[in-house]
Amino acid sequence: MTLLGMGTVFIMLILLMFLLVGIGRLDARAIERQQRAEIGAESEPELPPISSQSDITKDELAAIAVAIVAYQKAQSEKSLSAPRAQESQVPSWESQWVTVGRYSQMRCTRR
């Protein structure tokens, strides 16, 4: 009787496993189709036509380029000089919980 019950349980688990694997494969195929459809639907955005004569002179364009480079350099130096929190620091609430937990464990062993 026990073997019959155990056998039934294992057969049902195996059937459930096959069912879940099949659902997973169907879901993966649906996601793949959806991604392919999204990729096909995305097209290059239409850019306005670029005219050969621009209102910006070469000197102004050079000044803009220099300003962009200076801004990027300042941002990278700013991020390097900013103090970073150490990853090894434990938040105060977490260390309090750890301390209380250790205390309660040690208290139980002293009895």
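- An unreviewed UniProt entry lists the chain under the name Sodium pump decarboxylase, gamma subunit, with Cutibacterium modestum HL044PA1 as the source organism.
- The annotation that UniProt attaches to the chain under Subcellular location (unreviewed entry) is "Cell membrane".

## Concerning the overall build of the chain
- Counting secondary structure elements, the chain contains three helices and zero strands.
- Reading the secondary structure of the chain in the N-to-C direction produces α-α-α.
- Evaluated residue by residue, the chain yields a buried proportion of 0% over its 111 residues.
- Working note: accessible area of the chain is about 11400 Å², and carbon and sulfur atoms make up 63% of it.

## Here's the deal with a nonpolar patch on the surface
- A cluster of nonpolar side chains, namely Met6, Val9, Phe10, Leu13, Leu16, Leu19, Leu20 and Ile23, defines an oily patch on the protein surface of about 780 Å² accessible area.
- For Leu16, a relative accessible area of 43% corresponds to the partly exposed category.

## Overview of the UniProt feature "transmembrane region" (unreviewed entry) in the chain
- Under the present numbering, the feature "transmembrane region" (unreviewed entry) in UniProt falls on residues 6-26.
- The span residues 6-26 is 100% helix and 0% strand, and its two end C-alpha atoms sit 30 Å from each other.

## Remarks on the environment of Thr8
- Note that Thr8 resides in helix H1 (residues 2-41).
- Thr8 gets classed as partly exposed once you look at its relative accessible area, which sits at 42%.
- At 2.7 Å, the side chain of Thr8 forms a polar contact with the backbone oxygen of Leu4.

Cut-offs used in this document
Residues numbered from 1 in each chain as written. Predicted model: local features only at pLDDT ≥ 70, side-chain atom pairs only at ≥ 80, totals over all residues. Heavy atoms only, no water. UniProt positions renumbered as here; feature names shortened; annotations may be inferred. Helix = DSSP H or I, 4+ residues; strand = E, 2+ residues; numbered from the N terminus. Buried < 20%, exposed > 50% of the residue type's maximum accessible area, 1.4 Å probe, protein only. Areas by Shrake-Rupley, 256 points an atom, 1.4 Å probe, with all protein chains shown as cover. Patch = residues over 30% accessible without salt bridge, like charges linked within 9 Å, V, L, I, M, F, W, Y side chains within 5 Å. Salt bridge = Lys/Arg side-chain N within 4 Å of Asp/Glu carboxyl O. Polar contact = N/O pair within 3.5 Å; in protein donor to acceptor, adjacent residues only side chain to side chain.

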